[in-house]
Structures are given as C-alpha cells and as structure tokens.
Amino acid sequence: MRRLLQTFTKGITRENPLMVLMIGLCATLAVSTQFQGAVFMGLAVIFVLTMSNTIISVFRRFIPVEVRIPMFIVVIASFVTIVDLVMKAFVPSVYAFLGIWIPLIVVNCIILGRAEAFAYHNGVLQSIADGLGMGVGYSLVIVLFAFVRELFGSGAVKFFGVTLLALPSWYAPPAVVLLFPGAFVLYGLYLAAWRRFVTRQGREGGECA
C-alpha cells in the first residue's frame, strides 16, 4: 500500500508532468484560457491515462517489443474515442471549446510516455496508481492555471454560466493574459514558484533529518 501511495504522489509532486517533466505543454497552454474547459481536459487525461495504463499493464507480456508503440496508440485511441463521444453527447459546449485537443490526447507525450516508461514494465495496481497520480498532477496544474488566466484575462471565472469569482467592475482585463505570450509568462512564474517551494521543502527536510 505504501508503494502504491508513493507511486501516486510522485505524479503530483516530484514527477509532475507539467511542472517537473514539462511535457504536454501545447494542450495546456491552448485550453487553459477557460476554467470549465480545463476541468474537463483534466478529467479526460485522468481517464485515458488510468485506463490505458491498466490495459497496457494487463497485456504487457503479450505485446511484442517491436510493435509496442503502435499497440499503445491503438489502446489510447480507443479510450480517447470514448471521451470524445461522451463529451460530444453530454457537454457539447465544452466539446466545441476543446475541439482538436481531445483527439490529440492520443499522441500526448504524457499518455504515451507513461505507457512506455511505466505501464509496459510494471504490474496493474502500480500502473493504475501511476496513471491516477500523473493525471491528477496534470489536472491540478492546468485547472489552477486556467482559473488564473480566465480570472485576470476576462475579469470573471464561470462554470456552465455560473460566475464562481469576479473582479471589481473597474478592472480592465488585459487581453494578453489569454494569448500565448501571457501564457508563457504566467507559466514561467508558476515554475519559479514551484522551484522555490520544492527547494524550501528540501532544505526543511534536510534540517529535520
């Protein structure tokens, strides 16, 4: 159980895909202009990561090394198709916003990377924990990132038409926050804050030891 917990937490902290490994950035910067869309993108990644990790781990002994990447893509594409159809049927507004980024989960570096580096070499429970941890780690960052961008880029954060938080009426939202230059600057600030936090935790851990 302890090992499962460690596998799960590493995806949120020391191996966070966005803040440490820095993979999956294209989709993150593109869809993080809207809090609502980022929430569903995060849920989609958690689902696809966990399910694909599980299936690949179960059948890893039957997947030849020579064709493992095409097999990974087939498995991942199957679950992405499920996500795509479910979103299109039940949340069409979110589906329209995310657009091409849902199908592109198939070739997302996070999904393929965990299939190759972890699920193909580990047991089912460990692979499930890894998929959940990496998915949650990704989701926490993209949701927080989108919350800040939408709040300061549009003046309010909404979820299915309901205003969760709004800035004062005198605030004039700078459009650059919702553009890629603003996204890169904000991401740099996130990285700086993350590095400072990790470094500080490491020092405190060393002192306690």
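Residues numbered from 1 in each chain as written. Predicted model: local features only at pLDDT ≥ 70, side-chain atom pairs only at ≥ 80, totals over all residues. Heavy atoms only, no water.

Asks: How would you summarise the overall build of the protein chain if you had to cite specific residues and measurements?
Replies: Of regular secondary structure, the protein chain possesses 8 helices and 2 strands. The secondary structure elements of the protein chain, listed N-terminal to C-terminal, are α-α-α-α-α-α-α-β-β-α. By the compact-globule yardstick of 17 Å for 209 residues, the protein chain fits well, its C-alpha radius of gyration being 18 Å. Its C-alpha atoms give the protein chain principal-axis dimensions of about 60 × 55 × 30 Å. Counting every position in the protein chain, which comprises 209 residues, the buried fraction comes to 42%. Residue pairs at least 24 apart in sequence account for 76% of intrachain contacts in the protein chain once pairs closer than 6 positions are excluded. Split by element, the accessible area of the protein chain, about 11000 Å² in all, is 72% carbon and sulfur. (Helix = DSSP H or I, 4+ residues; strand = E, 2+ residues; numbered from the N terminus. Rg over C-alpha atoms; globule rule 2.2 N^0.38 Å. Buried < 20%, exposed > 50% of the residue type's maximum accessible area, 1.4 Å probe, protein only. Contact = heavy atoms within 4.5 Å. Areas by Shrake-Rupley, 256 points an atom, 1.4 Å probe, with all protein chains shown as cover.)

Asks: Tell me about the side chain of Glu 150, and name the residues and values.
Replies: Take Glu 150: it is sitting in helix H7 (residues 124-154). In terms of polar contacts, Glu 150 uses its side chain to reach the backbone amide nitrogen of Phe 35, at 2.6 Å. (Polar contact = N/O pair within 3.5 Å; in protein donor to acceptor, adjacent residues only side chain to side chain.)

Asks: Could you give me a rundown of the side chain of Ser 139, with the residues and numbers involved?
Replies: Structurally, Ser 139 is set in helix H7. Taking the relative accessible area as the measure of exposure, Ser 139 reaches 10% and is therefore buried. Excluding anything up to four places from it in sequence, Ser 139 contacts Gly 42, Leu 43 and Ile 46.

Asks: Now, about the packing of helix H1 (residues 2-10) against H7: what can you tell me, with residues and values included?
Replies: The geometry of H1 relative to H7 is characterised by a closest axis approach of 6 Å and an angle of 30° between their N-to-C directions. With respect to H7, the axis of H1 lies roughly parallel. H7 is crossed by H1, and the crossing has right-handed handedness. Contact residues: H1 offers Arg 3, Leu 4, Thr 7, Phe 8 and Lys 10, while H7 offers Leu 125, Gln 126, Ala 129, Asp 130, Leu 132, Gly 133 and Val 136. In the contact of H1 with H7, the residues fall into 6 nonpolar, 3 polar and 3 charged. (Axes fitted to C-alpha atoms, helices over the stretch in contact; angles between N-to-C directions. Parallel < 35°, antiparallel > 145°, perpendicular 65-115°, else oblique. Left-handed = near helix turned anticlockwise from the far one by under 90°. Nonpolar A, V, L, I, M, F, W, Y, C, P; charged D, E, K, R; others polar.)

Asks: Please give an account of a nonpolar patch on the surface that cites residues and values.
Replies: Among the surface-exposed residues, Phe 47, Ile 82, Val 86 and Phe 90 lie close enough to one another that they form a single nonpolar patch of about 390 Å² accessible area. Residue contributions to the nonpolar patch peak at 3 residues, all from helix H4 (residues 68-90). Along the polypeptide, Phe 47 turns up in helix H3 (residues 35-58). (Patch = residues over 30% accessible without salt bridge, like charges linked within 9 Å, V, L, I, M, F, W, Y side chains within 5 Å. Salt bridge = Lys/Arg side-chain N within 4 Å of Asp/Glu carboxyl O.)

Asks: Got a sec to walk through the nonpolar core? Specific residues and values, please.
Replies: Judged by nonpolar contacts, the single largest core of 44 residues is most densely connected at Met 41, Val 48, Met 87, Leu 98, Ile 102, Ile 105 and Tyr 138. The set of elements that each furnish at least two residues to this core consists of helix H2 (25-31), H3, H4, helix H5 (92-98), helix H6 (109-117), H7 and helix H8 (180-208). It is H3 that contributes the most residues to this core, 8 residues altogether. Filtering out sequence-adjacent residues up to four positions away, Ile 105 remains in contact with Met 41, Ala 44, Val 48, Ile 76, Val 80 and Ile 111. (Core = buried A, V, L, I, M, F, W, Y, C linked by side-chain atoms within 4.5 Å.)

Asks: Can you explain the environment of Val 31? Please cite residues and give values.
Replies: Relative to the elements of secondary structure, Val 31 occurs in helix H2. For Val 31, a relative accessible area of 1% gives the class buried. Residues Val 31 and Val 143, spaced 112 residues apart in sequence, show a C-alpha to C-alpha distance of 9.9 Å. Sequence-distant contacts of Val 31, defined by excluding residues within four places in its chain, comprise Ala 38, Met 41, Phe 97, Leu 98, Trp 101 and Ile 142.

Asks: Which residues make up unusual backbone geometry, and what are the values?
Replies: The phi dihedral of Met 22 falls on the positive side, at around 55°, and the residue is not glycine. With respect to the secondary-structure elements, Met 22 resides in the loop between H1 and H2. Positive phi is not limited to glycine here, since Phe 160 has a value of about 55°.

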